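Commentary on secondary and tertiary structure
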Amino acid sequence: MTGAAAPPLVSLRNVTKIFPPPAGGGNPVHALGPLDLDLQTGEFFAVVGPSGCGKSTLFELIAGLAQATAGTITFEGKPIAGNVPDGIGVVFQEDSCLPWRTVRANIELGLRKRRLPRAEQNTKVDRVLDLMNLTEFARHYPAQLSGGMRQRVCIARTLVMEPRLILLDEPFAALDQQTRLLMGEEVLRLWRATGATVFLITHALDEAAMLSDRIAVMSARPGHILEVVETGWPRERDSGILEDDRFGPTAARLWRLLRGETMRAADVR
Amino acid sequence: MSGKWRAGWLALYRLLVLAAGLAVLEVLCAADIIDRLTMQPPHQIAIDLVHLIASGGLTRPILRTMSNAVIASVMALGAGIVLASIIHRIPPLRQALDLVFSTWYAVPVLAFYPLFIVLFGLGNLPQILIGFMQGVVAVIVSMLDGLDRVPRVLRKLARTQKMTPLETALLITLPAAAPWILTGAKLAIMFSIIGVVASEFLMARDGLGFEISYAYNNFDNARMYPLIVLVIAFSVLVNSLLFRWETHLLRQRGLKP
């Protein structure tokens, strides 16, 4: 999966994850790998695959929230070993807003460790609020916002830390299709504005096809990478890509690769 | 109907029910169906209460009972939160203690009062300990329930934010479990007041419980009923304040309309 001359931002080599048998008995679960993968600096990379193929496990391994059973994962050349490295921002599928903190206080949480002067902290938070169109909701509590806006707060909390790699685990899964498209455009805008690398886990093929430069298609469990599809989209893009002649064939190619795996995953379950 | 209107109507209904109950008692006393030796009419209890408070004769027992109840409640709350945090991290310990917690309130702690007198005398300590023992398990059980309900994603968030265990507790788990902790606190405060007042009946020479018991033994209804009303009013006031706080927390989180 390598190929670019520049050193990869994230590199996975022979990564395997096997979950031990549950306490009550049973067999170990071979969830992932062995797999190799490189993420290049500044790219928008998506992973699609059938349910239960290990997408979220892969996400947690790169985020440093879980440790691989075998193999190595590096971020900027340094190994990730069960700790979230500096420079990685994580957005989860579930709503992770803290409901007892205002939007502003939620975003400030990310800057807690930096111990910045108050004025500088306020400037950073104001900038992210503006970037995410949340300025007028800064004093609101998450319960007063829609699901889409709450997810924007979670993204804002990640962005304020100025990560070099943003990990998104099905961040729009709970949203309706129209909101997903709008949020997708927003993520593309942020990706261009921040220059960060984005790693997106999704089960929506059209979402992956619209947003990504490259898309890894995973097999049924134990998940490994079947193929990496390059979309060839320009960096300046939005949901207008849906009308591009190449969009349909790209999404169709993803489905062609996934169809058999999805049926196999359903049989396994 | 808007939330404010509904709350206003509910308050009015409550007031009407209370007024109706008092009116029935007033009529029963006036008609001598309830004789004066059994109970004073409500208006007389109110007058006696005002006189008792104005005379300053109740200041000392009120302060003693309230301070003991506050100390017992704070101890129950503090110890309950710390113990629940530890127990929650050790599942086998929790399994072992589950039976103790579920049967705790079936054990009459007050039955041990002779032992408490032998060990601690007739001072404040035995009353505070009984109040504490009555309250602490309610806090532990509610807090364990609250900790169980902290979404896993918030614990993952704490890791991505590189929080220490103490930061995770202070910034994530305790605030997330706050509504359940508050439910435990409400119960703990009520149980602590009951524990302190009841133990004053049996092993004290001061306090509202002792005063009620003393008035009862001397057929002094003019003192006994105002004291009972005072204890009830205090409990209702504390409970109402905590209920308002709990409602505020739940509304803030979208868990209550």
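Cut-off values and rules
Residues numbered from 1 in each chain as written. Chains lettered and ligands numbered in written order. Predicted model: local features only at pLDDT ≥ 70, side-chain atom pairs only at ≥ 80, totals over all residues. Heavy atoms only, no water. Contact = heavy atoms within 4.5 Å. Buried area = accessible area lost by both parts, 1.4 Å probe. Salt bridge = Lys/Arg side-chain N within 4 Å of Asp/Glu carboxyl O. Polar contact = N/O pair within 3.5 Å; in protein donor to acceptor, adjacent residues only side chain to side chain. Helix = DSSP H or I, 4+ residues; strand = E, 2+ residues; numbered from the N terminus. Expected span 1.5 Å × (residues − 1). Pairing = 2+ DSSP bridges. Phe/Tyr/Trp six-rings, centres within 6.5 Å; stacked < 30°, edge-to-face > 60°. Buried < 20%, exposed > 50% of the residue type's maximum accessible area, 1.4 Å probe, protein only. Core = buried A, V, L, I, M, F, W, Y, C linked by side-chain atoms within 4.5 Å. Domains from an automatic or database assignment. Nonpolar A, V, L, I, M, F, W, Y, C, P; charged D, E, K, R; others polar. Axes fitted to C-alpha atoms, helices over the stretch in contact; angles between N-to-C directions.

1. Focus: the interface of chain A and chain B
Contacts between the two partners involve 25 residues from chain A, matched on the other side by 18 residues from chain B. Roughly 2,000 Å² is buried in total at the junction of chain A and chain B, and carbon and sulfur atoms are behind 61% of that figure. When the area that chain A buries against chain B is broken down by residue, the three leading residues are Leu-65, Trp-100 and Arg-112 of chain A, summing to 29%. For the pair chain A and chain B, the number of links is two salt bridges. The partner of Asp-86 of chain A in a salt bridge is Lys-162 of chain B, with the nearest N and O atoms 3.4 Å apart. Our enumeration of links across chain A and chain B arrives at six residue pairs in polar contact (both at pLDDT 80 or more).

2. A few points about helix α2 (residues 42-55) of chain B
An α-helical turn contains 3.6 residues, so any two residues separated by three or four positions project in the same direction. Between its first and last C-alpha atoms α2 of chain B spans 20 Å; for 14 residues at 1.5 Å apiece the expected length is 20 Å, and the two agree. Within two residues after α2 of chain B, Gly-56 of chain B carries a phi angle of roughly 80°, on the positive side.

3. A look at the sheet that holds strand β1 (residues 10-19) of chain A
Residue and element names in this part refer to chain A. Pairing is antiparallel in the open sheet, where four strands are placed in the order β2-β1-β4-β5. At either end of the open sheet lies a strand with only one pairing partner, and these are β2 (29-39) and β5 (78-79). Inspection of the sheet shows strand β4 (residues 70-75) paired to β5 by two bridges, in the antiparallel sense. Note on β5: the bridge partner recorded for Phe-75 is Lys-78.

4. Description of the side chain of Thr-160 of chain B
The topology assignment puts Thr-160 of chain B in helix α7 (residues 152-160). For Thr-160 of chain B, the contacting residues outside a window of four places in its chain are Leu-65, Val-84, Val-90 and Phe-92 of chain A.

5. Some details on the pattern of salt bridges
All names here are of chain A. Overall, the coordinates contain 23 salt bridges over all chains when judged by the stated rule. When the shortest N-O distance is used, the salt bridge between Arg-164 and Glu-76 registers 2.5 Å. One end of the pair, Arg-164, is in the loop between α4 (147-159) and β7 (165-169); the other, Glu-76, is in the loop between β4 and β5, and 88 residues separate them in sequence. Where Glu-108 meets Arg-104, a salt bridge forms, and the shortest distance between an N and an O atom there is 3.6 Å. A residue pair is termed a helical-turn pair when its members lie 3 or 4 positions apart in one helix, as Glu-108 and Arg-104 do in helix α2 (residues 103-108) at four residues.

6. Here's the deal with the packing of aromatic side chains
In total, this model carries seven aromatic pairs over all chains according to the counting rule given. Measuring from ring centre to ring centre gives 6.5 Å for Phe-59 of chain A and Phe-92 of chain A, while their planes differ by 65°; the resulting arrangement is edge-to-face. Linking Phe-59 of chain A in helix α1 (residues 55-63) with Phe-92 of chain A in the loop between β6 (88-91) and α2, this pair joins segments that are 33 residues apart in sequence. Residue Phe-59 of chain A is classed as buried on the basis of its relative accessible area of 1%. Aromatic pair Phe-116 of chain B and Phe-120 of chain B: ring centres 5.9 Å apart, planes at 50°, arrangement tilted.

7. Notes on the nonpolar core
Residues and elements named next belong to chain A. Phe-44, Met-132 and Ile-155 are the most contacted members of the largest nonpolar core, which totals 48 residues. Of the residues forming this core, the biggest block, six residues, is contributed by α4. Counting 45 residues, the second largest nonpolar core, distinct from the first, contains Leu-58, Ile-62, Ala-66 and Leu-165.

8. Topic: the domain arrangement of chain B
Note: interface size is frequently given as the accessible area lost on complex formation between the parts. All names here are of chain B. Each assigned domain of chain B is listed with its residue range as follows: domain 1 (1-39) and domain 2 (40-252). Placing the centre of domain 1 and that of domain 2 at their C-alpha centroids yields a distance of 28 Å. With eight residues of domain 1 in contact, the opposing surface of domain 2 contributes eight residues. Of the roughly 750 Å² buried where domain 1 meets domain 2, counting both sides, 54% is carbon and sulfur surface. Ranking the residues of domain 1 by area buried against domain 2 places Glu-26, Arg-36 and Met-39 at the top, with a combined share of 64%. Joining domain 1 to domain 2, the criterion identifies zero salt bridges. Between domain 1 and domain 2 we count four residue pairs in polar contact (both at pLDDT 80 or more) in total. Here the side of domain 1 that touches domain 2 is built from residues that sort into five nonpolar, one polar and two charged.

9. Comments concerning the sheet that holds strand β9 (residues 214-218) of chain A
Residues and elements named next belong to chain A. Ordered in space as β6-β7-β8-β3-β9-β10, the six strands form an open sheet in which the pairing is mixed. Each edge of the sheet is formed by a strand with only one pairing partner; in this case those strands are β6 and β10 (225-230). If you compare each strand with its neighbour and ignore which way they point, the axes differ by 15° on average. Where β9 and β10 come together, five bridges link them in antiparallel fashion. If you follow Ala-216 over to β10, its bridge partner there is Val-228.

10. A closer look at unusual backbone geometry
Peptide bonds are trans in most cases, and residues, glycine excluded, mostly fall at negative phi. Geometrically, the link from Arg-221 of chain A to Pro-222 of chain A is a cis peptide bond, its omega value of -5° lying close to zero. Tracing the chain through its elements places Pro-222 of chain A in the loop between β9 and β10. Residues other than glycine seldom take positive phi values, yet Lys-162 of chain B does so here, at roughly 55°. With respect to the secondary-structure elements, Lys-162 of chain B resides in the loop between α7 and α8 (165-203). The exposure class of Lys-162 of chain B is partly exposed, given its relative accessible area of 30%. Positive phi, normally seen in glycine, also occurs at Phe-219 of chain B, with a value near 55°. Of note, Phe-219 of chain B is situated in the loop between α9 (208-217) and α10 (221-252).

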